[in-house]
Amino acid sequence: MALLITLIISGVGVAVFMALALPLPWLLGPLLGCLIAALCGVRLRGAPRASQVMRTILGVAVGATITPALFAQLGTLIWTLALVPPLVICVGAVGYPLFRRGFGFDHPTAFYSAMPGGLQDMLLFGEEAGGDVRALSLIHATRVLIVVMVLPFVFAYFYGAELNGPVGAPWTNVPLAELIVLGAAGIAGWKIAARVGLFGASILGPLFLTAGLSLAGVIENRPPAEAIAAAQFFIGFTIGVKYSGITWKEVQVDVTAGVVFSVLSLGVGGLFAVLIVRLGWLPLTEAALAFAPGGQAEMAIVALVAGADAAVVVAHHLVRIVFVIIGAPLVDRWFGG
C-alpha cells in the first residue's frame, strides 16, 4: 500500500510540473512530491529493484552517446578530468569543518558527509567507521536533491537553456532489432559488472557495453524516450523516499547541514566550472554538470535533457567517485588517527 501511495504522489508531482511547464517534470516532479509528502508524515516506500533496472536504462542511454567524435576531445578532457581530484579536496576542506565544528557531528559522520561520493559507498564507509548512518543518508540525499533542483532552474531561467529537448526517439521509431540489442546490453552489462564487483554496476556496466556497441556501429539509437522518462521517474522518487519517517530534529540538524553544505559545494563547483569555461575547455552546461556535486545518475539525466554531452559529464563524475572511493578511507585512517 505504501508503494502504491508513493507512485500516486509521484504521478501527481509529474502532472503538476507539466501543468506549470516546469523543467524536468519526470525527475523533479516525483522528487519534490515525495519530499513534501515525507515532510508531512506520509509513509512512503521505494522500489529498489525497479530503480536498479531503471538505472540500466540510463547507463545504456549514456553509452549510446559515446561515438568516435568523443575521442576528438581527449586532449581537452585530460585537463578537465585532472581538475576533479582538486575539486573533491576543496569540497571536503569546506565540508568537514562545517559538519564537525558548525553542526557538532562526530568525526566519521562529519568526514563521510563531506565526501562528495556515491550515497551507498559513503554510507558503507561511514557505518564501518562508526558514523551515524541516518544522518549520513539525509545529508547526502539533501546534497543530491539540492543540486538536482537548483541546476535545472538556473540553466532554464538564468541562461535560457532548453530543458525539454528529446532524450530519445519514441519507441515506435526505434527498430525492433535495436530495441532488443539495447535491452540485452543493459541486462548483460549490469550482470557482468556486478559479477566482477564493479561499483555502480547497474549504470556503468550497461554504459561500457553499450559504448562498445556504439563505437562498433552496431547501434545508432538511444533507448526510447518513454524508457528514459521511466528511469527519471523512478530515480526521482527514490531520492524523495529517503526522507520518509523524518523527524523535526533531523530537519533542524541533518537536513539543514545538508542544505548549507550543498550551497557551499555548489559554489566550489561553480568556481571550477567558470575557470574551465574561461579557458575554453568545455561549454558552460557541460562544465557546470561535470563539476556539480550531484549524483552521477541525476547529472546524466540533466545532461541528456539539456542536450549536453552526457558522456563527458559522466566521465568526470566517474573520476570523482573513483577518487573518493579510493582516497577517502585512506585519508580517514590518517586524519582520524
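Everything in this summary refers to the structure shown in the same document. (Residues numbered from 1 in each chain as written. Predicted model: local features only at pLDDT ≥ 70, side-chain atom pairs only at ≥ 80, totals over all residues. Heavy atoms only, no water.)

## Description of the overall build of the protein
Threshold: In DSSP terms, a helix is any run of H or I states spanning at least four residues, a strand is any run of E spanning at least two, and both are numbered starting from the N terminus. Note on method: radius of gyration uses C-alpha positions; expected globular size equals 2.2 Å times residues raised to 0.38. For each residue, the accessible area found with a 1.4 Å probe, counting protein chains only, is set against the maximum for its type, and the residue is called buried under 20%, exposed over 50%, and partly exposed in between. Here the open area of atoms and residues is found with the Shrake-Rupley method and a 1.4 Å probe, where only the protein chains shown may cover a residue.
What the protein contains, in helices and strands, is 15 helices and zero strands. Expected size for 337 residues packed as a compact globule is a radius of gyration near 20 Å; at 19 Å, the protein falls within 12% of this value. With respect to the principal axes defined by its C-alpha atoms, the protein has extents near 55 × 50 × 45 Å. Classification of the 337 residues of the protein by burial places 53% in the buried group. Split by element, the accessible area of the protein, about 14600 Å² in all, is 69% carbon and sulfur.

## So, the packing of aromatic side chains
For clarity, the cut-off: Stacked, tilted and edge-to-face are the three classes applied to pairs of Phe, Tyr and Trp rings, where Trp contributes its six-membered ring and a pair requires centres within 6.5 Å; stacked means planes under 30 degrees apart, edge-to-face means over 60, and tilted covers the rest.
Applying the stated criterion to the full structure yields eleven aromatic pairs. With a centroid separation of 5.8 Å and 75 degrees between ring planes, the pair formed by Phe 233 and Phe 234 is classed as edge-to-face. Take Phe 233: its relative accessible area is 11%, and that puts it in the buried class. Relative to Phe 291, the ring of Phe 272 lies with its centre 6.0 Å away and its plane at 15 degrees, an arrangement referred to as stacked. One end of the pair, Phe 272, is in helix H12 (residues 248-278); the other, Phe 291, is in the loop between helix H13 (284-290) and helix H14 (296-306), with 19 residues separating them in the sequence. No difference in accessibility class separates Phe 272 from Phe 291, as the two residues are buried. An aromatic cluster is built from Trp 26, Phe 233, Phe 234 and Phe 237, whose rings are joined through pairwise contacts.

## Re the packing of helix H4 (residues 74-82) against helix H5 (residues 84-102)
For clarity, the cut-off: Axis lines are fitted through C-alpha atoms, for helices just across the contact stretch, and the angle between N-to-C directions can take any value from 0 to 180 degrees. An angle below 35 degrees is treated as roughly parallel, one above 145 as roughly antiparallel, one from 65 to 115 as roughly perpendicular, and anything else as oblique. Any two residues whose heavy atoms approach within 4.5 Å at even a single point are treated as in contact. Throughout this entry, Asp, Glu, Lys and Arg are counted as charged residues, while Ala, Val, Leu, Ile, Met, Phe, Trp, Tyr, Cys and Pro are counted as nonpolar. The remaining residues, Gly among them, count as polar.
The interhelical angle for the contact between H4 and H5, taken along N-to-C directions, is 20 degrees, at an axis separation of 4 Å. Relative to H5, the element H4 is oriented roughly parallel. Seen from H4, the contacting residues are Thr 80, Leu 81 and Ala 82; seen from H5, they are Val 84, Pro 85 and Pro 86. Classifying every residue of the contact of H4 with H5 gives five nonpolar, one polar and no charged.

## Observations concerning a nonpolar patch on the surface
Stated precisely, the cut-off is as follows: Candidate patch residues must exceed 30% relative accessible area and have no salt bridge, after which like charges are joined if within 9 Å and Val, Leu, Ile, Met, Phe, Trp or Tyr side chains if within 5 Å. For this document, the term salt bridge refers to a Lys or Arg side-chain nitrogen within 4 Å of an Asp or Glu carboxyl oxygen.
On the surface, Met 1, Leu 4, Ile 8, Val 12, Val 16 and Leu 20 cluster together into a nonpolar patch covering about 620 Å² of accessible area. Relative to the helices and strands, Val 12 resides in helix H1 (residues 2-19).

## Things to note about unusual backbone geometry
Of note in the backbone geometry, Ala 21 takes a positive phi value of approximately 55 degrees without being a glycine. Tracing the backbone through its elements, the reader meets Ala 21 in the loop between H1 and helix H2 (25-39). Taking relative accessible area as the criterion, Ala 21 reaches 61% and is therefore assigned exposed.

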